[in-house]
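# Analysis of the macromolecular model
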Amino acid sequence: MREGDLRVIRPLAYCRERQTRDFAEATGLPVIPENCPACFAHPTERAYVKTLLAQQEARDPRLFRQLRRAMLPLMARGLPQLDEGWT
């Protein structure tokens with residue numbers, strides 16, 4: 001990326017995990033319950049973060065919209081049109 005010959009896009013930043021899972025199930029794609037089949041020995045951190053985010057979202061339903069908004073400058077680097085319309 002530093003050389004400018006690759007661009008990383010994060011389209012799933014706009015999707016909730018349940019939406020991705022629902023799409024995978026509807027199209028017959030496999031759904032892996034943890035983040036990586038090779039990482040099953042250490043799945044606790046992901047589960048912890050999911051629980052933490054769920055608790056925080058219960059306190060403030062705007063959480064994911066605010067997180068996405070905070071990430072926009074990182075995701076839009078080199079793509080200024082993403083700064084607008086995704087708030």
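Residues numbered from 1 in each chain as written. Predicted model: local features only at pLDDT ≥ 70, side-chain atom pairs only at ≥ 80, totals over all residues. Heavy atoms only, no water.

## Section: the packing of aromatic side chains
Per the counting criterion, the structure on display carries zero aromatic pairs. Lying over the aromatic face of Phe64, Arg16 brings its terminal NZ or CZ to 3.7 Å of the ring centre. (Phe/Tyr/Trp six-rings, centres within 6.5 Å; stacked < 30°, edge-to-face > 60°. Lys NZ or Arg CZ within 6 Å of the ring centre and 35° of its normal.)

## Quick look at the layout of surface pockets
In this model, the second largest pocket occupies a volume close to 350 Å³. Residue lining of the second largest pocket: Arg16, Glu17, Arg18, Arg21, Arg46, Val49, Lys50, Leu53, Ala54, Glu57 and Phe64, and that is the complete set. Within the residue set of the lining of the second largest pocket, elements represented by two or more residues are helix 1 (17-27) and helix 2 (44-59). In terms of residue class, the lining of the second largest pocket is built from four nonpolar, no polar and seven charged. (1 Å grid on protein atoms, 1.4 Å probe; cavity = no way out; pocket = protein on both sides within 12 Å on 5 of 7 lines; lining within 4 Å. Points joined across faces, edges and corners; volume = space filled by probe spheres on them. Helix = DSSP H or I, 4+ residues; strand = E, 2+ residues; numbered from the N terminus. Nonpolar A, V, L, I, M, F, W, Y, C, P; charged D, E, K, R; others polar.)

## Thoughts on the pattern of salt bridges
One pass over the full model with this rule turns up three salt bridges. Across the pair Arg16 and Glu57 runs a salt bridge whose closest N-O atoms are separated by 2.9 Å. On the criterion of sequence distance, the pair formed by Arg16 in the segment before helix 1 and Glu57 in helix 2 is long-range, its members being 41 residues apart. One salt bridge in this structure joins Lys50 and Glu17, with 3.3 Å as the shortest N-O distance. Pair noted here: Lys50 is in helix 2 and Glu17 is in helix 1, with a separation of 33 residues, a long-range link. Looking at Lys50, the relative accessible area reads 38%, which means it is partly exposed. On the accessibility criterion, Glu17 (36% relative accessible area) is partly exposed. (Salt bridge = Lys/Arg side-chain N within 4 Å of Asp/Glu carboxyl O. Buried < 20%, exposed > 50% of the residue type's maximum accessible area, 1.4 Å probe, protein only.)

## Structural notes on the confidence of the model for the protein chain
On average, residues of the protein chain carry a pLDDT of 77, and 67% of them reach 70 or more. Of all the helices and strands in the protein chain, helix 3 (residues 63-75) carries the lowest mean pLDDT, 86, while helix 1 carries the highest, 90. (pLDDT = per-residue confidence, 0-100.)

## Concerning helix 3
In this model, helix 3 (13 residues) spans 18 Å end to end at C-alpha, consistent with the 18 Å of a helix rising 1.5 Å per residue. Every buried residue belonging to helix 3 is among Leu63, Arg68, Leu72 and Met75, and all of these are buried. (Expected span 1.5 Å × (residues − 1).)

## Some points on a nonpolar patch on the surface
On the surface, Tyr48, Val49 and Leu52 cluster together to form a nonpolar patch covering roughly 260 Å² of accessible area. Checked against the element boundaries, Tyr48 lands in helix 2. (Patch = residues over 30% accessible without salt bridge, like charges linked within 9 Å, V, L, I, M, F, W, Y side chains within 5 Å. Areas by Shrake-Rupley, 256 points an atom, 1.4 Å probe, with all protein chains shown as cover.)

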